[in-house]
Every structure is written in C-alpha cells, then in structure tokens.
Amino acid sequence: MAMQSTSGVPRPAAAKAVFWRDPNIRAIFYQVLVVAIVGGFVWWLVSNTLENMERQRIASGFGFLGTESGFDIGDTLVHYSPADTYARAIWVGILNTLRVALLGIVLSTILGTLIGIGRLSRNWLLAKICTVYVEAIRNVPLLLQLFVWLSLFRFYLPDKANAVDIIGIKISKKGLQFPVPVENPAYQWVGIAVLVGIVAAFAVSHWARRRQAATGKQFPTVWAGLGLMLGLPLLVFLAAGAPLQWNIPTLGRFGFSGGGEVLPEMTALLLGLTIYTAAFIAEIVRAGILAVNKGQSEAAAALGLRSGTAMRLIILPQALRVIIPPMTSQYLNITKNSSLAIAIGYPDIVAILNTTMNQTGQAVESTVLIMACYLTVSLTISVFMNWYNKRIALVER
Amino acid sequence: MSTTDTTIPNLTPRKKAELLAAAGDPEAVVAPPGGGGGPVLWVRQNLFGSIRDSIITLVLIVVLGWLGYNFLHWALLDATWSGTDAAACRANPDGACWTFIGEKYRFILFGTYPYGEQWRPTIMMIITVMMLAASCDRRMWNWRALAMWIVGGTICGILLFGGVFGLSYVETSSWGGLPVTLVLAVLALAGAFPLAILLALGRRSNLPLIKALCVGFIELIRGVPLISLLIMASVMLPLFLPTGVNIDKLLRALIGFMLFAAAYLAEVIRGGLQAIPKGQYEAADAMGLNYFNKTRLIILPQALRLVIPPLVNTFIGFFKDTSLVYIIGIFDLLTAGDSAVKDPAWRGFANETYLFLAATYFVFCFSMSRYSQYLERDLNKSQRR
C-alpha cells in the first residue's frame, strides 16, 4: 500500500466495504454474541435451579419472612423474641452488622491514624513498635485473630462469680456488664438539650471562623463547643432535679440480669476488626503524610506553627486527598469483614440468614438477601465517601 | 533561653542549637556535624529528643518489658516441653504447653490425610514453595513460568490424589491443613487470572453492553463479603447444576473463591491497563494491528509487568482469605488447628495452637510482602535519580 498524505485529500466517501468489516456492525455483533452466551449460561443455571428445587420440594418466594422464626438471638439492639418473624430477626441482624461496622470504622480510624503518625515519629522506639504492629497484624488472617481474642478472653478473664468490678462495671467471661440509668421522662429533654448543644456548637464554630477570617481574632472554639454540648444537657438535667437511679447488673443463677451488657463475642469481633483494619489504615495514613511535599512542613515551621498545629492545619488536610480513596475501600472492608462474626457466634446478618437458610431450606432467597443487604450498605458508604472526597478535593481551574 | 524557646517550634535539639548559635546565643553548643557521635548521642537524639519523647520512651520500655517478661516466662521459661499427654501440662498451667504442638503438629499441618502417606503432601508443599520462589525471579516471567507451573502442578496433583504409579488414592475430603490452604490460594489465582484479564479488558471496552456486564459482575462480587460467596458456592452450586451432577466440596469452595479472586484481580489489572500511555494504543493502531493482536502483543505484556507488585499483595490477601473456608467446613490450616484445639483429651491449649498457626501464616505472608516491596523498588529504579 502506498503511503499518502491524508491532509487535503477528502476521504473516499465510505467505500462500500463488505458489511463484516464495518466496525459498527462488528461491535453490535460482538455484543450480541457475548450477551447471548452469558444470557444462555444464566438461563441454563436458572432452569437447572428451578428443576432441582421442584424435585427437592424446596419452597420458593419470600413468604417465609412473615412466619415465626423460633430461634433466639443473644445480642439485640431492638426488642426481639423467638415468637417474632424472620423479617424481624433479619432486621436485628442488619442492626448488629451496622453497629459493629460503624464502631469499627470509628475506632480503627482513630487507632490507625495514631499508629500511622507513630511510624513517622522521631522517637525510634515508637516508630519501630508501630512498624512491628503493622507487619505482625497485616500478615495474619483476621479470622485467626478473632479466635485469638475470644480465646484470650476465655483464658484470662475471671468467671462470672469472680467478675472484676470497677465502679459497677463487671468484667468476666460472660462479657462486660454495666449499670444503666433507669428510664425517666426528664431524659428526653436532656436528649433534646444535647441536640441543641451540637447545633449551637456548629453555629459558634462557623461564627468563630468567619470572625477569624475577618479580624484575625481567635476564639476557643473547641472549649466553647464542648461546653455547649455537655453543659446544656447538664443544666437541663439539674433543672429537672437530677433524677438518677441506676439499674445495676446483679449475678443470678443463670448469669447477670439488669443493666446493659456487651457480650464477649461482640467485643472480640470489634477488637479484632479494629486492630486488623487499623494496621491497613496506618499504612494509608503514613503514605498520605509522606506524599505531602516536605516544603509544606518546613513552611509551617517557618511560620512558627507548633508541630501539632502544623499537622492539624497544614499536613493532614493535604494528606487527606491522598488518604480518602483507599480509606473508603478499608471502610468497605470492615463492613464486609464483620461477616466473619458467624465464625465466633455474634449474630450478624450473615449468621442470622444462615440460621434462616438451615431452618427453611430456602438457600436462594437467603443468599439473595445477604447480598442485597451488603450491596446496599457498600453502596451507601461509597456514595458518602465519594461525596466527601469531592468536597475535600483540590479545586483546580 | 526560655523566651527564645517558645518561639521555636518542635525541632531536634541539634537544629535548635544550630539556630540559637546562628542567632548569636553564646550558650548554644552545636555538636560536631557528621554521622559520628556514638551511641549515647544516638540514644539522646532518637529516644530522649524532648520531654515528650522521653516520657513516651519510658512508658513504652515499661510496657514492653512487662509484656516481654510475661511472654518469655509463658513461652520459654515456664513452658512444658516433654511428655506425651496433657497431664504434665495441666500440672503447669502458667506455662505454654509445647508438648501439645509436638503431638499435634502433623494433624494441624496435614489434617486427616492418611498418616502413612503424609510424605506426599510434604513433597507437594516443598515443590509449591520452590515454584513460588522460582517465580520471584524476573527471568521466569514468560512461557517458562507457565511451563513450570503446569508440570509442577501436575506432579502436585498426582502426589495429592494418588491412584497412579502405585500411590493409593486419597479423596479430597481427607485432604487437610496447609496443603489445602496452598491449593486453594494458588488454584484460585491461576483459575481467576484468565477471567480477570477478560473482565479488565471488558471494563475498558468501548462496547456498552460488554462494559456493563463486566462492571456489573466486578462490582457485585466486590460489594458482598467473601463468606456470602462461599456459602453460595457450597449451598447453591449443587442447585445450579443439572440433576445428578455431584460436585466435590473442595471444588465448590474453589469456584466461589475463584469468582471472588477474579473480580479483585480484574481491578488490579485494570490499574495496569490504565497506566499504559495512550501513545502505545495509538501506535498499535497505526501499525494496523487488530484488537486481539494489539492486546496480546502490545498492551498486556506491558500492563501485566506493571501490576506484578500489587498482584503479589492481592495474592497475600487471598492466602489469608483462604482461612474463611473454615466457615463452610473445608479442612484448611485454620480448621485443622481449630479441630486440634477441640480435642477433648487436650482441652485448653488454644493459645499455643493459635500462636503456631499465626507463625505459619506470617512466614508465608511476610516473605511475600517483603518480595513485593523489593520488586516495587526494583521496578521503579529507572524512575529514580
């Protein structure tokens, strides 16, 4: 084929090529082919499943959700009894998953950030310990770590009869029992005061920032905010006559009754998730801080900022841009890893739907429900983190 | 001194002294420059650099000392090393019971594999580890690695299954321990890899339907926990297949694992595809290569090389995640260890077993992560000055 310049020469008006050489037709052909293969495969699976289910007389549909579950759940956030429906049991499971995931996200972010900064410390011993922590924790499976925590609790904590008692909080093999205040109508007002305090604290910080931008005058925002958030409820509480009565856990024949409790399974799961994920978050935070140009910390020092202030105002906000995307996937990991609960007996959504599956035999519906729940949660976290990521992203021209 | 001190933020004592000396402070003493200074200076700078550092160091030394002292007593000084039953260990509850590990290590490592035949999984593990080590050499990153793994994999399969060359047949339900963990991790990676390449290419495709299918599959798998896939594979796979087809339990777990691995690997490979400069694609088009040849000859060789370090990291994740098959009752290393712990004759030695298991997992994962770090540094050599 002779080389020729295309400039100036008008392209030959779409020469009538053979139709199978037309890229558009090819594209359609390939897509139809792939979709047909995948669709045929799925159809084959579905028809097999339907046939098998009919043969084994497995019921289908979600009708079982409305029937009585008949199993008890050890750890619930909302009222639940075996007489409740499967739908209610699943709701309990979702709440348990969310509780452990949210607590895990908060705690592992705090621990991970501290360890990540610790690895960069000038203190050699601290940096080395943080490195050893990260390497040791990252390279051992989470499930094994959960077993270890549970085993350590069983091994080293005292029996329920000899529970360690710290100001009414009892720690034993049965978990953590703590006193809770007896319900009182005044608490509603205290709750409202907390909300008002939070709103007021936000307003104060907004005002303080604007005033500092305008006049340069600083305002102790943190202390004022804390005062508003804690002081206001305290005032309401005192004004109501300080009604305080504790519901103290007491040891009966079958264990503790009264008060609140955190079961050892929950503690082991939360501890395991936090410590495991913190090791990954520490690496993300460290990489984020290292990604900030050294000139930034030098400039901060030149401005006379203390190292803590420089970290808070100069380094971390810039590091966040690098940190947030991988952090999102760690938060998703915590949520997904909380499903390991099933192995140590914490009733999360997977454990409860697994029991449901065993009782009703409706494997397809149960699996679909598990996946639907996790997809919803994962999607919600991604959407939120993407929104946050956009908010802190560098605004460029 | 005190007034100047507050204006200077946290600096090392050396920096501070230099600044003060530069400012004309006659009291400032600057240590001689250079690496010298001896251990005393090193300790002073790196452990007791400021009051806060000193406090941190002291607290850490106390905590570490306490932990180390107790661990040393439990694990070594007070431990039980001899005997054949639990009696000696029970008489000595404050120390570790290494007798238990001595009695049980073959069960933990090989599970219920016939005792007399356990040399077979041993050789299989040695071959696998040697192949893993050989694959670390960059001269192997071509058809040689593929050939090696096919030959080695066949030998490993013959060793584990038996049934030929006078070896007795051992069915997969008797397999257990570390060989199962290795088989799951390696086969999941090998099986998922081709699918992952297709998924990654599909996700980068211009054809909307193919792209949608690939994105849908990847995001679905990545959005749900591995356990739900394993449960699905173990419970629902028999339903999916035609009536009468029975599928091995280990294979079911492996299929669930492969789907999981494919989605994650696809994202890793996509990273490599995106990192290739657009000019490479355009140059391939200009050469008149069609899509298949462009991908095979130009794009994939470069992209796959780029993603080897993250690939090793993903493999470390898979290796750890194989432990999840515990939940569906496959006898891997963790399950074997857990069964050993539950032996009624040896109740109460969980900590020793878990330490042994953790050490085994750690050796594998840590060496792989070290290799990945070395590789990353080595591959970036050209970009550093």
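Residues numbered from 1 in each chain as written. Chains lettered and ligands numbered in written order. Predicted model: local features only at pLDDT ≥ 70, side-chain atom pairs only at ≥ 80, totals over all residues.

1. Things to note about the overall build of chain B
- Across its full length, chain B carries 17 helices and zero strands.
- Relative to the 2.2 N^0.38 estimate, which gives 21 Å for 385 residues, the radius of gyration of chain B is 28 Å and therefore markedly larger than a compact globule would have.
- Taken along its principal axes, the extent of the C-alpha atoms in chain B is 90 × 80 × 35 Å.
- Here chain B, with 385 residues, has 31% of them falling under the buried criterion.
- Counting contacts in chain B only where the partners sit at least 6 residues apart, residues at least 24 apart contribute 64% of the total. (Helix = DSSP H or I, 4+ residues; strand = E, 2+ residues; numbered from the N terminus. Rg over C-alpha atoms; globule rule 2.2 N^0.38 Å. Buried ≥ 20, exposed ≤ 12 C-beta atoms within 10 Å, placed from the backbone. Contact = placed C-beta atoms within 7 Å.)

2. Observations regarding the overall build of chain A
- A count of helical and extended segments in chain A gives twelve helices and eight strands.
- Expected size for 397 residues packed as a compact globule is a radius of gyration near 21 Å; at 29 Å, chain A overshoots this value by more than 25%.
- Considering only C-alpha atoms, chain A reaches an extent of 95 × 75 × 45 Å along its principal axes.
- The contacts of chain A with a sequence gap of at least 6 include a subset with a gap of at least 24, amounting to 66%.

3. Brief notes about the interface of chain A and chain B
- Counting from both sides, the interface comprises 50 residues of chain A and, opposite them, 45 residues of chain B.
- Elements supplying a minimum of two residues to the side of chain A that touches chain B: helix H1 (23-55), helix H3 (124-138), helix H4 (142-156), helix H9 (307-337), helix H10 (341-344), helix H11 (349-360) and helix H12 (363-392) of chain A.
- Per-element accounting of the side of chain A that touches chain B gives the leading share, 13 residues, to H1 of chain A.
- In terms of residue class, the side of chain A that touches chain B is built from 31 nonpolar, 13 polar and six charged. (Nonpolar A, V, L, I, M, F, W, Y, C, P; charged D, E, K, R; others polar.)

4. Brief notes about the confidence of the model for chain A
- Overall, the prediction assigns chain A a mean pLDDT of 82, with 92% of residues at 70 or greater.
- Contacts of residues 1-7 of chain A to residues separated by more than four positions or lying in other chains number one contact, the stretch itself having pLDDT below 50. (pLDDT = per-residue confidence, 0-100.)

5. A look at H4 of chain A
- The terminal C-alpha atoms of H4 of chain A lie 21 Å apart, and with 15 residues this matches the ideal 21 Å at 1.5 Å per residue to within 8%.
- Where H4 of chain A is concerned, the buried positions are Leu-142, Leu-143, Leu-144, Gln-145, Leu-146, Phe-147, Val-148, Trp-149 and Leu-150 of chain A.
- Turning to H4 of chain A, the residues buried within the fold contact helix H7 (264-291), H9 and H10 of chain A together with helix H16 (333-341) and helix H17 (350-379) of chain B. (Expected span 1.5 Å × (residues − 1).)

6. What to know about the pairing of strand E2 (residues 169-172) of chain A
Residues and elements named next belong to chain A.
- Along E2, the buried face is formed by Lys-170 and Ser-172; none of Ile-169 and Ile-171, which line the opposite face, is buried.
- Joining the antiparallel neighbours strand E1 (residues 164-166) and E2 is a turn of two residues, in which Ile-167 adopts a positive phi near 35°.
- Two strands pair when backbone bridges link them, and E2 and strand E3 (residues 175-178) are joined in this way by three bridges, in the antiparallel orientation. Looking across to E3, one finds that Ile-171 is bridged to Leu-176. (Pairing = 2+ DSSP bridges.)

7. What to know about the sheet that holds strand E8 (residues 260-262) of chain A
Residues and elements named next belong to chain A.
- One open sheet holds the four strands; their spatial order is E1-E2-E3-E8, and the pairing between them is antiparallel. For this open sheet the edge positions go to E1 and E8, each flanked by a neighbour on one side alone. Direction aside, neighbouring strands of the sheet carry axes that sit 20° apart on average.
- Examined bridge by bridge, E1 and E2 share three bridges and lie antiparallel to one another. Directly across from Asp-165, in E2, lies its bridge partner Lys-170. (Axes fitted to C-alpha atoms, helices over the stretch in contact; angles between N-to-C directions.)

8. Details of the packing of helix H9 (residues 178-203) of chain B against helix H12 (residues 249-275) of chain B
Residue and element names in this part refer to chain B.
- For the pair H9 and H12, the least separation of the axes is 6 Å and the interaxial angle reads 50°. As summarised for this structure, H9 and H12 are arranged oblique, according to the angle between their axes. In this structure, H9 meets H12 at a crossing whose hand is right-handed.
- Each residue belonging to the contact of H9 with H12 can be placed in one class, and the counts come to 21 nonpolar, one polar and two charged. (Parallel < 35°, antiparallel > 145°, perpendicular 65-115°, else oblique. Left-handed = near helix turned anticlockwise from the far one by under 90°.)

9. As for the nonpolar core
- One finds Leu-143 and Leu-146 of chain A together with Ala-188, Leu-230, Ala-261 and Ala-262 of chain B to be the most contacted residues of the largest nonpolar core, which totals 143 residues.
- Contacts of Leu-230 of chain B, omitting those with residues within four sequence positions, involve Ala-253, Gly-256, Leu-324, Val-325, Ile-327 and Ile-328 of chain B.
- By size, the runner-up hydrophobic cluster in this structure holds five residues, among which are Ala-201, Leu-228, Leu-232 and Val-236 of chain A. (Core = buried A, V, L, I, M, F, W, Y, C linked by C-beta atoms within 7 Å.)

10. Let's talk about helix H4 (residues 51-77) of chain B
- Taking 1.5 Å per residue, 27 residues should reach 39 Å; H4 of chain B reaches 36 Å between its end C-alpha atoms and fits that length.
- In terms of burial, H4 of chain B is largely open, as just one of its 27 residues are buried.

11. Side note on the environment of Ile-323 of chain A
All names here are of chain A.
- Looking at where Ile-323 falls in the secondary structure, it is placed in helix H9.
- Judged by local crowding, Ile-323 falls into the buried class, with 24 C-beta atoms found within 10 Å.
- Along the chain, Ile-323 and Arg-21 lie 302 residues apart, while their C-alpha atoms are 47 Å from each other.
- Leave out the neighbours within four places in its chain, and Ile-323 touches Ile-284, Val-285 and Gly-288.

12. Some points on the packing of H12 of chain A against helix H11 (residues 226-240) of chain B
- Put simply, H12 of chain A and H11 of chain B touch, their axes get as near as 10 Å, and they point 155° apart. One finds that H12 of chain A runs roughly antiparallel with respect to H11 of chain B. The chirality of how H12 of chain A crosses H11 of chain B is left-handed. Between H12 of chain A and H11 of chain B, the contacting residues are Ala-363, Val-364, Thr-367, Ile-370, Met-371 and Tyr-374 of chain A on the first element and Ser-228, Ile-231, Met-232, Val-235, Met-236 and Leu-239 of chain B on the second.
- For the contact of H12 of chain A with H11 of chain B, the residue count by class is ten nonpolar, two polar and no charged.

13. Observations concerning the pairing of E3 of chain A
Residues and elements named next belong to chain A.
- The hairpin formed by E2 and E3 contains two residues between the paired strands.
- Strand direction decides the pairing type here: E3 and E8, joined by three bridges, are antiparallel. In the strand pairing of E8, Phe-178 is matched with Gly-260.

14. Points about the environment of Leu-146 of chain A
Residue and element names in this part refer to chain A.
- Examined against the element boundaries, Leu-146 turns out to sit in helix H4.
- Residue classification places Leu-146 among the buried positions, given that 23 C-beta atoms sit within 10 Å.
- Here the alpha-carbon distance between Leu-146 and Val-350, two residues 204 residues apart in the chain, equals 17 Å.
- The residues touching Leu-146, leaving out its near neighbours within four places in the chain, are Ala-268, Leu-269, Gly-272, Leu-340, Ala-343 and Ile-344.

15. Some thoughts on the environment of Pro-208 of chain B
- Of note, Pro-208 of chain B is situated in helix H10 (residues 208-223).
- Remark: the alpha-carbon pair of Pro-208 of chain B and Trp-346 of chain B, spanning 138 residues in sequence, is separated by 60 Å.

16. Thoughts on the confidence of the model for chain B
Residue and element names in this part refer to chain B.
- Of the residues in chain B, 92% have a pLDDT of 70 or more, and the chain-wide mean is 81.
- In the model of chain B, helix H1 (residues 2-7) stands out as the element of lowest mean pLDDT, 44, in contrast to H9, which has the highest, 89.
- This stretch, residues 1-8, has a pLDDT under 50; its non-local contacts, to residues over four places away or in other chains, come to five contacts.
- Interface confidence in the predicted complex, given as ipTM, is 0.82; pTM for the same model is 0.82.

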